[in-house]
Amino acid sequence: MIFRKILLIISLVATVFSQNAFQGYTIFSPAAGGPGGQGNGNTYLVNNQMNVINVWNHNRGPASMAYLRTDSTIYYPFRVENPTMSAGGVGGGVAILDWDSNVLWSYIISNNQYQHHHDIYPLPNGNVLVIAWERKTATEAYALGRQTITNPLNEMWSEAVLELEPVGTNNANIVWEWHLWDHLIQDSDSTLPNYGVIADHPELMDINAGSVGGSHGPGGSHADWMHFNAIDYNEELDQIVLSSRTMGEIYIIDHSTTTAEAASDSGGTYGKGGNFLYRWGNPEVYDRGTGADQLLNAQHGVNWIPSNYPGGGNLILYNNNYQNNNSAVFELVTPIDSTGNYTLIENEAYGPSGPVWYHTGGFHSNVQSGAFRLPNGNTLITEADDAHMFEVTPDHSLVWNYTYPGNNIMIARAQKYELTYLETEFPEYTPGDVNFDGDINVIDLSHAIDMIYNVGYNATPPADVNGDGTVNMVDVAILAQMAMNQ
């Protein structure tokens, strides 16, 4: 089957500090040549010992991270050669590849209206959410109350979220869409639309917040306003979370709406149409705080922790410019109620007042990066600038660490999957070698015990040493004897 390959050992050095590292498969896509769109690339799937399980080859470099599906396909956001607007994180295309790097579907979102950038999110139904810059002229922006635009393009590229339904091999239907431009407010000119008191409408975006683009950047002059850089989807809530680097905020919107409702302030499960359900990180942007209240700075990689993991339902993100030239990973407990709405006290900013858990010290990246909670409670962190991936326990012990070699290399984000994640025949294995490191020792014994007590791992065939279909203390006893005989 798809795993029946010789494991290639690439010239990488990984240090496994203890058996407390979560045993799984990590996916990552090194990017070379900077953010300008040049170059091709590879996506690697490796185990904890950095044995390569699979490699996908690409004609274009990654815009962000690839997503592995249980059917062994990957969804890959890539950088097009000539984007219609270029800034950090520029992309332009999405591809679906099978295990052998065959392109099953590829679609370009780079035209006069939209330019994909950064992240995507594959939905359970096979559709894919994409972040896209949306072109607006200075005339359009001024007509809605924007006061200044100083970039050489004389444009203001806003943001949109498009849900694409793949069609054939190179086409797509836009089956749902959300536009930030439909949810604006301004307090500068009472004769123009959307005039109001900013602080009274945290569900809307102040069109005059922040600057718009500039004459310098990875792609030269640009008109990037919000710089969304991450998207994630919560199937249980049918909600989407987004991250804006330039505003230092994250936003949650309702995906249950129709496209018409998403353009309004009503409808959908939560009755608010496409307005923000929640925002956090910098209340000064909606006039319910000052610069001293800003808690996020250039953050990336926001995502929900799966409900069955430690911290389930919380948000986790990478706060790039935390303090003292250090980044930090924040875990946030949102003020969500039993109906899926978010509590907001009148005249106050959205809570919480700070993270419930954070990890910092000794790492920093000014670009991309991210963090994912793992089933055993550990957290996988990617420091993009240095192509550095590492795993820490809840008490901040470093248990896995790896840096991809080379100069001018970055890894946007890495993600780790359980050994049983793929819906395929289990990899070829040696009974008792639970962690696939080629030895049978106390680490395998520890993992087998964790499986018995459902501590971070599902039972796997290598732990079923006697082949009776279950992993239990009989297998542990046999494993102990095997380890002593090594």
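Because the structure is predicted, anything quoted here is derived from the model rather than measured.

**Digging into the overall build of the protein chain**
A tally of regular secondary structure across the protein chain gives 4 helices and 30 strands. Relative to its length of 486 residues, the protein chain is compact, with a C-alpha radius of gyration of 23 Å against a globular reference of 23 Å. Sorting the 486 residues of the protein chain into buried and exposed places 54% on the buried side. Restricting to contacts in the protein chain with at least 6 residues of sequence separation, those with at least 24 account for 57%. Accessible area for the protein chain stands at about 18,900 Å²; split by element, carbon and sulfur atoms hold 48% of it. Taken together, the 15 basic and 51 acidic charged side chains of the protein chain have centroids lying 6 Å from each other.

**Things to note about helix 4 (residues 473-484)**
Taking 1.5 Å per residue as the helical rise, helix 4 with its 12 residues ought to reach 16 Å, and the 17 Å between its terminal C-alpha atoms agrees with that figure. Where helix 4 is buried, its residues contact helix 3 (442-452). Where helix 4 starts, the residue carrying a side-chain oxygen 3.0 Å from the main-chain nitrogen of Val474 turns out to be Asn472.

**What to know about the nonpolar core**
If you look at the biggest cluster of nonpolar residues, it comprises 50 residues, and the most contacted ones within it are Leu164, Trp178, Met205, Trp225, Ile240 and Leu242. Among the elements that take part in this core, strand 12 (residues 128-134) stands out by supplying 5 residues, more than any other.

**Quick look at the packing of aromatic side chains**
Per the stated rule, a full pass over the model turns up 20 aromatic pairs. Consider the rings of Phe28 and Tyr402, whose centres lie 6.0 Å apart with planes at 50°: the pair is tilted. A residue pair is termed long-range when its members are at least 10 positions apart, and Phe28 in strand 3 (residues 24-28) and Tyr402 in strand 28 (residues 398-403) qualify at 374 residues. Assigned by exposure class, Phe28 and Tyr402 land together as buried. Site record: aromatic cluster; members linked through ring pairs are Phe28, Tyr44, Trp400, Tyr402 and Tyr404. Across from the ring centre of Trp357, 5.4 Å away, lies the NZ or CZ of Arg373, which sits over that ring. Over the face of the ring belonging to Trp400 we find Lys416, whose NZ or CZ atom lies 5.1 Å from the ring centre.

**What about the layout of surface pockets?**
To locate leftover empty space, one rolls a probe as large as a water molecule over the atoms. The calculated volume of the largest pocket comes to roughly 1,200 Å³. For the lining of the largest pocket, the secondary-structure elements that each account for two or more residues are strand 7 (67-68), strand 11 (114-122), strand 17 (228-234), strand 21 (300-304), strand 25 (370-373) and strand 30 (415-418). Residue classes in the lining of the largest pocket are distributed as 22 nonpolar, 11 polar and 10 charged.

**Comments concerning the sheet that holds strand 24 (residues 357-360)**
On the basis of which strands lie adjacent, the open sheet formed by 4 strands has the order 21-22-23-24 and antiparallel pairing. The open sheet has two edge strands, strand 21 and strand 24, and neither has a second partner. The sheet shows a mean angle of 25° between the axes of neighbouring strands, taken without regard to direction. Bridge count for strand 21 against strand 22 (residues 315-323) is 3 bridges, and the pairing is antiparallel. Note that in strand 22 the partner of His300 across the bridge is Tyr318.

**Some words on the packing of helix 3 against helix 4**
In contact at an axis separation of 10 Å, helix 3 and helix 4 are set at 175° when each is read in the N-to-C sense. When the axis of helix 3 is compared with that of helix 4, the two are roughly antiparallel. Contacts between helix 3 and helix 4 involve Asp444, Leu445, Ala448, Ile449 and Ile452 from the former and Met473, Val476, Leu479 and Ala480 from the latter. Among the residues forming the contact of helix 3 with helix 4, the class breakdown is 8 nonpolar, no polar and 1 charged.

**Thoughts on the confidence of the model for the protein chain**
Chain-level statistics for the protein chain give a pLDDT mean of 92 and a share of 92% at 70 or above. The model gives residues 1-16 a pLDDT under 50, and that stretch makes 43 contacts with residues more than four places away or in other chains.

**Structural notes on the side chain of Ser327**
Examined against the element boundaries, Ser327 turns out to sit in strand 23 (residues 326-332). Looking at Ser327, its side chain comes within polar contact range of the main-chain nitrogen of Ser365, at 3.1 Å. Sequence-distant contacts of Ser327, defined by excluding residues within four places in its chain, comprise Tyr318, Asn319, Asn320, Tyr322, His359, Thr360, Gly361, Phe363, His364 and Ser365.

**Looking at the pairing of strand 9 (residues 92-97)**
Counting buried positions along strand 9 yields 6 of 6 residues, so the element is predominantly enclosed. Pairing between strand 8 (residues 74-79) and strand 9: 6 bridges, direction antiparallel. Bridge pairing in strand 9 places Tyr76 opposite Ala95. Where strand 9 meets strand 10 (residues 103-108), 5 bridges bridge the pair, whose relative direction is antiparallel. When the sheet's bridge partners are listed, Leu97 is paired in strand 10 with Val103. Here strand 9 folds back onto strand 10, and the loop between the two strands holds 5 residues, one of which, Ser101, carries a positive phi near 75°.

**Focus on unusual backbone geometry**
In this chain, Gly351 is followed by Pro352 through a cis amide linkage whose omega measures 10°. Along the polypeptide, Pro352 turns up in the loop between strand 23 and strand 24.

**A closer look at the pattern of salt bridges**
The tally for this structure, following the rule as stated, stands at 6 salt bridges. Here Arg279 ties to Glu249 by a salt bridge, and the two come within 2.9 Å at their closest N and O atoms. Taken together, the residues span a long stretch of sequence, with Arg279 in strand 20 (residues 278-280) and Glu249 in strand 19 (residues 249-254) at a distance of 30 residues. Each member of the pair, Arg279 as well as Glu249, carries the same accessibility label: buried.

**A short note on the side chain of Ser369**
Looking at the secondary structure, you find Ser369 in the loop between strand 24 and strand 25. Polar contacts involving the side chain of Ser369 include one to the side chain of Ser365, which spans 3.1 Å. Within the local environment of Ser369, its side chain forms a polar contact with the backbone nitrogen of Ala384, the two atoms lying 3.0 Å apart. The contacts of Ser369, once residues within four sequence positions are left out, are His300, Gly301, Tyr318, Asn320, Thr382, Glu383, Ala384, Ala412 and Arg413.

Rules and cut-offs
Residues numbered from 1 in each chain as written. Predicted model: local features only at pLDDT ≥ 70, side-chain atom pairs only at ≥ 80, totals over all residues. Heavy atoms only, no water. Helix = DSSP H or I, 4+ residues; strand = E, 2+ residues; numbered from the N terminus. Rg over C-alpha atoms; globule rule 2.2 N^0.38 Å. Buried < 20%, exposed > 50% of the residue type's maximum accessible area, 1.4 Å probe, protein only. Contact = heavy atoms within 4.5 Å. Areas by Shrake-Rupley, 256 points an atom, 1.4 Å probe, with all protein chains shown as cover. Lys, Arg positive; Asp, Glu negative; His and termini not counted. Charge placed at Lys NZ, Arg CZ, Asp CG, Glu CD. Expected span 1.5 Å × (residues − 1). Polar contact = N/O pair within 3.5 Å; in protein donor to acceptor, adjacent residues only side chain to side chain. Core = buried A, V, L, I, M, F, W, Y, C linked by side-chain atoms within 4.5 Å. Phe/Tyr/Trp six-rings, centres within 6.5 Å; stacked < 30°, edge-to-face > 60°. Lys NZ or Arg CZ within 6 Å of the ring centre and 35° of its normal. 1 Å grid on protein atoms, 1.4 Å probe; cavity = no way out; pocket = protein on both sides within 12 Å on 5 of 7 lines; lining within 4 Å. Points joined across faces, edges and corners; volume = space filled by probe spheres on them. Nonpolar A, V, L, I, M, F, W, Y, C, P; charged D, E, K, R; others polar. Pairing = 2+ DSSP bridges. Axes fitted to C-alpha atoms, helices over the stretch in contact; angles between N-to-C directions. Parallel < 35°, antiparallel > 145°, perpendicular 65-115°, else oblique. pLDDT = per-residue confidence, 0-100. Salt bridge = Lys/Arg side-chain N within 4 Å of Asp/Glu carboxyl O.

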